[in-house]
Amino acid sequence: MQKVICIHPDDSMLVALTDLNPGEVVTWNDENILVATPIKTKHKLARHAFAVGDLLTMYGVTVGKATQPIRKGEAVTTENLAHHAAEVEIGESKPYTWTPPDVADLAGATFDGVVRADGRVGTANYWLIFPLVFCENRNVEHLRNALERPLGYAQDDLASLTFQLLGEDMEAQNVATKPVIRPFPNLDGVRVITHNGGCGGTRADARSLCRVLSAYADHPNVAGITVFSLGCQNAQIAMFKEALAKQNPNFDKPVLIYEQQQWDSEEKMMKAVLQDTLSHLKEANKVTRRPVPLSHLKIGVKCGGSDGFSGISANPAMGYVSDMVVAVGGSSILAEFPELCGVEANLIERCVEDEDKRRFLGMMRDFEQRALAVGTHFADNPSPGNIRDGLITDAMKSAGAAKKGGTSPIVSVLDYAEQTDKPGLSLLCTPGGDVESVTGIVASGANVVLFSTGLGTPTGNPIVPVLKISSNTRVANKLSDMIDYDCGPVIEGKPLPDVARGLFDMVVATAGGKYTCKADRLQQYDFIFWKRDISL
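Scoring rules and cut-offs
Residues numbered from 1 in each chain as written. Predicted model: local features only at pLDDT ≥ 70, side-chain atom pairs only at ≥ 80, totals over all residues. Heavy atoms only, no water. Phe/Tyr/Trp six-rings, centres within 6.5 Å; stacked < 30°, edge-to-face > 60°. Helix = DSSP H or I, 4+ residues; strand = E, 2+ residues; numbered from the N terminus. Buried < 20%, exposed > 50% of the residue type's maximum accessible area, 1.4 Å probe, protein only. Pairing = 2+ DSSP bridges. Axes fitted to C-alpha atoms, helices over the stretch in contact; angles between N-to-C directions. Contact = heavy atoms within 4.5 Å. Lys, Arg positive; Asp, Glu negative; His and termini not counted. Salt bridge = Lys/Arg side-chain N within 4 Å of Asp/Glu carboxyl O. Polar contact = N/O pair within 3.5 Å; in protein donor to acceptor, adjacent residues only side chain to side chain. 1 Å grid on protein atoms, 1.4 Å probe; cavity = no way out; pocket = protein on both sides within 12 Å on 5 of 7 lines; lining within 4 Å. Points joined across faces, edges and corners; volume = space filled by probe spheres on them. Nonpolar A, V, L, I, M, F, W, Y, C, P; charged D, E, K, R; others polar.

Enquirer: Looking at this structure, I do not really get the packing of aromatic side chains. What am I missing?
Expert: Each aromatic ring pair is summarised here by two numbers: the centre-to-centre distance and the angle between the ring planes. The final tally for this structure, using the stated rule, is six aromatic pairs. Judged by centre distance (6.5 Å) and plane angle (40°), the ring pair of Phe-228 and Tyr-258 falls under tilted. With a gap of 30 residues between them, Phe-228 in strand β14 (residues 222-229) and Tyr-258 in strand β15 (residues 255-259) connect regions that are remote in the sequence. Exposure remark for Phe-228: the relative accessible area of 0% places this residue in the buried category. A relative accessible area of 7% places Tyr-258 in the buried class. Taking the centre distance of 5.4 Å and the plane angle of 75° together, the rings of Tyr-416 and Trp-530 count as edge-to-face. Of this pair, Tyr-416 sits in the loop between β19 (410-414) and β20 (424-428) while Trp-530 is found in the segment after α16 (518-521), placing the two residues 114 residues apart along the sequence.

Enquirer: Just checking my understanding: could you explain the sheet that holds β15 for this structure?
Expert: Across a sheet, strands are paired by hydrogen bonds formed along the backbone, either parallel or antiparallel in direction. The strand order across the open sheet formed by four strands is β13-β12-β14-β15, and the pairing between neighbours is parallel. Pairing within the sheet leaves two strands with one partner each, and these edge strands are β13 (189-192) and β15. Direction aside, neighbouring strands of the sheet carry axes that sit 15° apart on average. With four bridges connecting them, strand β12 (residues 126-131) and β13 associate as parallel partners. By the bridge assignment for β13, Tyr-126 is matched with Gly-189. Set on the sheet, helix α6 (residues 266-284) makes contact with β12, β13, β14 and β15; between it and β15 the angle comes to about 175°.

Enquirer: How should I be thinking about the side chain of Lys-468 in this particular structure?
Expert: Structurally, the position occupied by Lys-468 is in strand β22 (residues 466-470). No salt bridge is formed by the buried Lys-468; its nearest oppositely charged neighbour, Asp-484, is found at 5.3 Å. Side-chain polar atoms of Lys-468 contact the backbone oxygen of Thr-459, separated by 2.8 Å. When sequence neighbours within four positions are dropped, the list of residues in contact with Lys-468 reads Phe-451, Thr-453, Thr-457, Pro-458, Thr-459, Met-482, Ile-483, Asp-484, Tyr-485 and Ala-519.

Enquirer: Could you clarify how one ought to interpret empty space enclosed by the protein in this entry?
Expert: Using a probe with the size of a water molecule, rolled over the atoms, empty space left in the structure can be pinpointed. Counted by the stated rule, this structure contains one cavity of 30 Å³ or more. In this structure, the largest cavity spans a volume of roughly 40 Å³. Every residue lining the largest cavity is listed: Tyr-59, Cys-303, Ser-306, Asp-307, Ser-310, Gly-311, Asn-315, Leu-391, Lys-397, Gly-400 and Ala-401. Per-element tally for the lining of the largest cavity: the top contributor is helix α11 (residues 394-401), with three residues. In terms of residue class, the lining of the largest cavity is made up of four nonpolar, five polar and two charged.

In structure tokens, the structure reads:
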């Protein structure tokens, strides 16, 4: 069994594929190294001796600076290595050459998409309900409860268990959990968003919320919207309508808005909301899926709960899928700017337009300066779980995280919730936080999200399927109710393109409604918009 792996020939470290003990000799190609200290699986051992101040590399880029002398064969840890990323400047522009993966066998391939009146394609058909202010979250939940069970969208496994635990007879249990025939079979569900915004905070926060909500309303996965307003909040109805008009001047979906302070009874308002929404669901049900080219795929790539294998297996596999999507004419979105620290030079080289190079570097520097202003830094990005599983500096984490973006040219650089309107790979400014980032990726137009994890997470989204990709087989087996696809075989030696092709096929099946992602089965419909405060 291979005990270590080297990611890039110039790397200063090897990655342990199993626990290593002092006195063992590990071999990589013709290189033999005596293990000097205990080294856990996924952690790193030094290929050479390093003095204080020496720079160490992984993935071929600088990921840290030695803070203590490091012996050859010693574990590289937070005790002897600190975050360090090379300074980046925009130099002379050079053409970027890209060799796309061979997708000749996909010529003419399709998925069953949801085609809107303007020609845009979704991967689902949902009616969306949300509030403009947190005060209305309760009414949003009431409307969901009123609709989900009668329309056949509720999943009540726990309700059945409750009856069993209470000792109720099977007849009562069956009444509570009896499947309902869905009256709107072409409507994939009624989805809701609740949030803690819309009032308090700043007017900028309210505008940001309205911008994100308008992007969700305009998303091709959404057939129409029901919106609750209190009336006195910062996020006024007029502010939302203005954001919606800016998002899409030709917006033509049904918009049902109810302001509670204009009603003399909540009961009257909720009855009207229910009647109006049901009448529009009949129209939403008239949309049916039909075959569309793969060029309509718009994927987003994200990682969370990462481990020392994420940058070796799951992220590169997702990057290969990203390249395949671009090669067939689709779009891909790489987010999480705090997790691109240290790989800026490579990403700048891949930008097609000089303006995007300047915008990307400017956004990265602005993000970092705002972090410094409140006493933090990109170096604080790795979580305790990341560090425990081998990602000990932000630059190390970033170098592996960037692999999700594959190798294709970068056609645009976007701010949070800004729309992707070009085929190809885009960079999107989001924080690294799982839900804030996925929320932004979907707002920018992704219709399938790929999410890699080494430790496990149930993260999902209200309107777009989120496929969970594991970096190792152990977590795929342990958390099988959360994980959709296992990239662990890459660690065991299976060729990356073979693993990636299986993942690509799952993406197509998900986009066509033939596979339901685990997050949706768990009803994990997360939404947190980025208020532009510091969130790494």
